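# A structural walkthrough
Each chain, written out:
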Amino acid sequence: MMRAVHGSTVLYPCDGNQTAKLVAAMAETDGIVFLRTTRSGTPVIYGADEQFPVGGSRVVRSSDEDEVALVAAGITLHEALNAADALAEDGIEARVIDCYSVKPIDGDTLRAAAEATGGRIVTVEDHWPEGGLGEAVLAALADVEEPTRVTVLGVEGMPGSGKPAELLAAAGIDAGAIADAARQLVRAAAGAVER
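Below is a short write-up of the structure. Fair warning: this is a prediction, and the values are worked out from it, not measured in the lab.

Reading guide: rules and limits
Residues numbered from 1 in each chain as written. Predicted model: local features only at pLDDT ≥ 70, side-chain atom pairs only at ≥ 80, totals over all residues. Heavy atoms only, no water. Helix = DSSP H or I, 4+ residues; strand = E, 2+ residues; numbered from the N terminus. Buried < 20%, exposed > 50% of the residue type's maximum accessible area, 1.4 Å probe, protein only. Pairing = 2+ DSSP bridges. Axes fitted to C-alpha atoms, helices over the stretch in contact; angles between N-to-C directions. Contact = heavy atoms within 4.5 Å.

A separate point is the environment of alanine 86. Inspection of the secondary structure assignment puts alanine 86 in helix α2 (residues 75-89). Judged by its relative accessible area of 27%, alanine 86 is partly exposed.

Here it is, written out as structure tokens:
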């Protein structure tokens, strides 16, 4: 809903240090600014002195052999990092992008990831797919010349009560679901090459 508001800004931090910096950025940003937060404690991955400009993102993990990009924000960034570890055990290198600025989104970084990974991207969010990160990524990639396959993972059903890990798994947005979606994209690409 907030992405659809004209002139709005939508931010989604993944840890306490990023949250503090983005709250300060909100005060300096014109118009309506919406900050999504996570109810559970998350590991701190960024230093207190790091900066997070509105409209930016962070490539948290990458290599020259990346076969798929995992795009996340907030709590799902931590799940994407865990999924990247699981994929590495299978010999699949995954780029992980923290899209803490959902609107405006960092289209340059997303287009570079699509090019580097052969057009394979998985987005994951603790949100309904409608109006969320996945749609923002799809819009940012609409003008790329090479075909890009984007798998959008989001909350599809009404969540119940439970511990955060249980709810992430039930919604299909935990590390296991992310890794499975990434494996499917990589396998589909390998199958296309074999034909």
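Next, the rest of the story.
Take the sheet that holds strand β8 (residues 149-153) next. Across the sheet, 5 strands lie side by side as β3-β5-β4-β7-β8; this open sheet has mixed pairing. Strands with a single pairing partner mark the edges of an open sheet, and in this sheet they are β3 (58-61) and β8. Averaged over all neighbouring strand pairs, the angle between strand axes comes to 25°, with direction disregarded. Note that strand β7 (residues 120-124) and β8 share 5 bridges and pair parallel. Note that in β8 the partner of isoleucine 121 across the bridge is valine 150. Contacts from helix α4 (residues 133-140) reach β4 (68-72), β7 and β8 within the one sheet, and its direction differs from that of β7 by about 150°.

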